[in-house]
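Residue strings, one per chain:
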Amino acid sequence: MTCYDRRDLGLLLLRLGTGGVLAAHGTQKLFGWFGGHGIEGTGQFMESVGYAPGRQSAMAAGLAEAGGGALLALGLATPAAGAAAAGAMAGAAAVHVPNGFFAQSGGYEYAAGLGLTAAGLAVAGPGRLSLDHAFGHVFDRGWMVPVALGVTATATALVVGARNRRVRQRTEGEQEALFDE
């Protein structure tokens, strides 16, 4: 196997693993599959953590994860797919930041890992073992990478910023106990 073949196989494995996990998480949100709560339950959760309106936030997150994940796994429209998935994971990470880094403490480690892998795939491209390659890279042009990542970063910053403002407003005036009783 040549280095070029190994790279393509490595990209395929990364795409299938990351895309599959993201697609599964998205279908939990959208359809309640794999023990998920569907749009209604996820919408209520999204509202409780500051993403409003909750139902629309659940739909956006579910579509970004399921759609972005499926497209990543297929290696189709890789810049847009990776950017969408990375944006969804940035939104998820924002919820977990107060818990620190490690997932065992409820931190953002898992979301950050998935998001960075998705963004890395958007930049690196899908490799030859992909639908993008089979279709002549019509949905995977060099200029699409910065555009997809830039648009997604802007939208994510606006959504997460609005969420953070809502969370801050909700907790204003609350004071933690100074001493344990």
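Heads up: the structure comes first, above all this text.
Structure report, in brief. These numbers were taken from a predicted model, which means no experiment stands behind them. (Residues numbered from 1 in each chain as written. Predicted model: local features only at pLDDT ≥ 70, side-chain atom pairs only at ≥ 80, totals over all residues. Heavy atoms only, no water.)

**Things to note about the pattern of salt bridges**
- For the structure shown, the criterion picks out 5 salt bridges.
- With its nearest N and O atoms 3.7 Å apart, the salt bridge here joins Arg7 to Asp8.
- Taking the relative accessible area as the measure of exposure, Arg7 reaches 44% and is therefore partly exposed.
- Taking the relative accessible area as the measure of exposure, Asp8 reaches 2% and is therefore buried.
- Put simply, Asp8 and Arg128 hold a salt bridge, and the shortest N to O gap is 2.7 Å. (Salt bridge = Lys/Arg side-chain N within 4 Å of Asp/Glu carboxyl O. Buried < 20%, exposed > 50% of the residue type's maximum accessible area, 1.4 Å probe, protein only.)

**Here's the deal with a nonpolar patch on the surface**
- On the surface, Leu9, Leu13 and Leu129 cluster together to form a nonpolar patch covering roughly 270 Å² of accessible area.
- Positionally, Leu13 belongs in helix H1 (residues 3-31).
- Residue class for Leu13 comes out exposed when judged on its relative accessible area of 56%. (Patch = residues over 30% accessible without salt bridge, like charges linked within 9 Å, V, L, I, M, F, W, Y side chains within 5 Å. Areas by Shrake-Rupley, 256 points an atom, 1.4 Å probe, with all protein chains shown as cover. Helix = DSSP H or I, 4+ residues; strand = E, 2+ residues; numbered from the N terminus.)

**Description of the nonpolar core**
- By size, the foremost hydrophobic cluster in this structure holds 14 residues, and its most contacted members are Leu22, Leu72, Ala85, Met89 and Ala118.
- Taken together, the elements giving at least two residues each to this core come down to H1, helix H3 (54-74), helix H4 (78-96) and helix H5 (109-124).
- Excluding residues that lie within four positions of it along the chain, Met89 makes contacts with Leu22, Glu65, Ala111, Leu114 and Gly115.
- Formed by 8 residues, the second largest nonpolar core is a distinct cluster that contains Val49, Tyr51, Val95 and Val160. (Core = buried A, V, L, I, M, F, W, Y, C linked by side-chain atoms within 4.5 Å. Contact = heavy atoms within 4.5 Å.)

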